[in-house]
Each structure stands twice: as C-alpha cells, then as structure tokens.
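Understanding the architecture of this molecule
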Amino acid sequence: MLGEVEIREMRVADIEAVMDIEREVFPFPWAPEFFLRELGRGESAMYRVAFADGRLLGFIGANLLGDEIHITNMAVIPDVRRRGLGSALLVGCVRQGLERGARWLTLEVRETNRDAREFYRLFGFRELGLRRGYYCDTGEDAVIMAAGDIREGPFRELLARGEGND
Ligand SMILES: CC(C)(COP(=O)(O)OP(=O)(O)OC[C@H]1O[C@@H](n2cnc3c(N)ncnc32)[C@H](O)[C@@H]1OP(=O)(O)O)[C@@H](O)C(=O)NCCC(=O)NCCS
C-alpha cells in the first residue's frame, strides 16, 4: 500500500482534478457535469477520492440502487498503479455501501479492458454476460460483472481486517 494516502468523499471542488485523471486515463472521458450531477444525488452517490501530498491519485464512483452498489467509474493514475490503491478505493466503497444497507455489487466494463476485468475478478466478480453496443462513443459491448453477496467472499475478509476504513 502507498504511505500517507487520504481517502475521503469527493467534493465539487475536486472535480477539476478528477477531470485531469479522466482525460489522462480514458479515451472518452466523462464530462464534468456528470460528476456534478452525481455528487448532487445525496446518500445514493458514493464518490471517493485518494490524495497524497495534495495530489489526486485516484477515485471511485458508485450509486446505491436499493441494496445494490453499482460502480460507475474508477481510475488510478498510471504511475501509482499496482500498489494497492485501486483495491483500497474499492473496499472503502463497499464498506460505505454495506453501512447503507447494500448487499450486491455490479458494474459494466468495456470488453477490451482486460486489465480492469482482471482486477475485478480478484474481488470475486463474475462475468454474467454482455450488453451489446453499450458504449455509445464506440459502440463497444460492455461486460456485466457482479460480485454476489458482498457480506461473503473476498470482501468479508478484507473488511474484517479493517481495510477500506477512512
Ligand atoms: C483498474 C485499476 C483501477 C486498478 O488500480 P490499481 O491501483 O492498479 O489496483 P491494485 O494495485 O489495487 O491491484 C490489485 C490487484 O489487481 C490485479 N490487477 C490490477 N491491475 C492489473 C492489470 N493491469 N493486469 C492484471 N491484473 C491487475 C492484480 O492482481 C493486483 O495485485 P498485484 O499488483 O499484487 O498483482 C487501474 O488499473 C486503472 O485505473 N485502470 C484504468 C481505468 C479503468 O480501467 N477503470 C475501470 C473502469 S470500469
């Protein structure tokens, strides 16, 4: 894990820095208005950022839909990947969702995004099928992934160890 990383709720004032990561990481970045709208959803939005030395290193976004956490977006800047930050963001989001009554975890990921699919599999996500032409920018298919009951499986142990605490 990286030292001295602070993970906290995303604020409107963070959007500019989040957009820098969006533009660096994704060929088709979200617009800032998307984040603004999401942050306005109140308790059902779970958007979190990771900082070290005043620098934004990554973020995660999710919506709480009944008892389901739906991950909408996540990214870690390339030069700090494979150091546990993505895991810390994901586990923290799951912890927050559990506290709000969630039980299931789902997401869509681009079929070509093999790295992210591998990352999610590590946490017990299974690939349920495809949403054909889901991404309107390229027409690419989305792989639907779900982690089953988050009170069981890999998250259970990670949460019991205190991971994902602020
Ligand atoms: C997916 C992503 C958030 C992972 O962040 P990260 O900080 O590198 O993740 P972690 O360091 O916590 O990785 C945990 C484990 O996941 C797996 N993993 C992570 N990246 C991987 C990759 N590129 N290839 C294969 N396995 C990978 C590994 O098992 C890794 O453990 P290890 O480094 O000890 O082998 C990051 O690669 C990213 O920002 N990708 C681009 C944006 C993106 O695709 N977002 C998802 C959109 S749905």
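Below you will find a few notes about this structure. (Residues numbered from 1 in each chain as written. Predicted model: local features only at pLDDT ≥ 70, side-chain atom pairs only at ≥ 80, totals over all residues.)

When helices and strands are tallied, the protein chain shows five helices and seven strands. Starting at the N terminus and ending at the C terminus, the protein chain contains elements arranged as β-α-α-β-β-β-α-β-α-β-β-α. Based on the C-alpha atoms only, the size of the protein chain along its principal axes is roughly 40 × 40 × 30 Å. When each of the 166 residues of the protein chain is scored for burial, the buried share is 28%. (Helix = DSSP H or I, 4+ residues; strand = E, 2+ residues; numbered from the N terminus. Buried ≥ 20, exposed ≤ 12 C-beta atoms within 10 Å, placed from the backbone.)

Looking at the ligand, there are 19 residues lining it, with R81, G86, S87, D115 and A116 nearest. Listed by contribution, the elements that provide at least two residues to the shell around the ligand are strand 4 (68-76), helix 3 (85-99), strand 5 (104-110) and helix 4 (114-122). Looking at the shell around the ligand element by element, the count peaks at five residues for helix 4. Looking at the shell around the ligand residue by residue, the classes come out as 10 nonpolar, four polar and five charged. (Near = placed C-beta within 6 Å. Nonpolar A, V, L, I, M, F, W, Y, C, P; charged D, E, K, R; others polar.)

This part takes up the packing of helix 3 against helix 5 (residues 153-160). With their axes 11 Å apart at the nearest point, helix 3 and helix 5 run at an angle of 90° to one another. Considering their axes alone, helix 3 and helix 5 lie roughly perpendicular with respect to each other. Across from V91, V94 and R95 in helix 3, the residues of helix 5 making contact are F155, L158 and L159. The residue makeup of the contact of helix 3 with helix 5, split by class, is five nonpolar, no polar and one charged. (Axes fitted to C-alpha atoms, helices over the stretch in contact; angles between N-to-C directions. Parallel < 35°, antiparallel > 145°, perpendicular 65-115°, else oblique. Contact = placed C-beta atoms within 7 Å.)

For helix 1 (residues 15-25), every residue scored as buried is listed here: I15, V18 and E22. In a view along the axis of helix 1, the buried residues occupy a sector of 60°, so they form one face of it. Those residues of helix 1 that are exposed and angled more than 90 degrees off the buried face are E16, R23 and E24. For helix 1, the elements touching its buried residues are helix 2 (32-39), strand 2 (45-52) and strand 3 (55-65). (Arc of directions from axis to C-beta.)

Once that is clear, we can look at the nonpolar core. A50, F59, I60, I69, L89, C93 and V94 are the most contacted members of the largest nonpolar core, which totals 36 residues. Of all elements in the fold, only helix 1, strand 2, strand 3, strand 4, helix 3, strand 5 and strand 7 (142-149) reach the threshold of two or more residues within this core. At seven residues, helix 3 tops the list of elements feeding residues into this core. Residue contacts for I69: discarding those within four places in its chain leaves A62, L64, C93, V94, G97, A102 and L105. (Core = buried A, V, L, I, M, F, W, Y, C linked by C-beta atoms within 7 Å.)

On to the sheet that holds strand 7. Read across the open sheet, the seven strands follow the order 1-2-3-4-5-7-6; overall the sheet is mixed. Two strands in the sheet have a free side with no partner beyond their single neighbour: strand 1 (6-9) and strand 6 (126-131). Neighbour-to-neighbour, the strand axes of the sheet open up by a mean angle of 25°, direction not taken into account. Here strand 2 runs beside strand 3; their pairing, made up of eight bridges, is antiparallel. Bridging across to strand 3, Y47 finds its partner in G61. (Pairing = 2+ DSSP bridges.)

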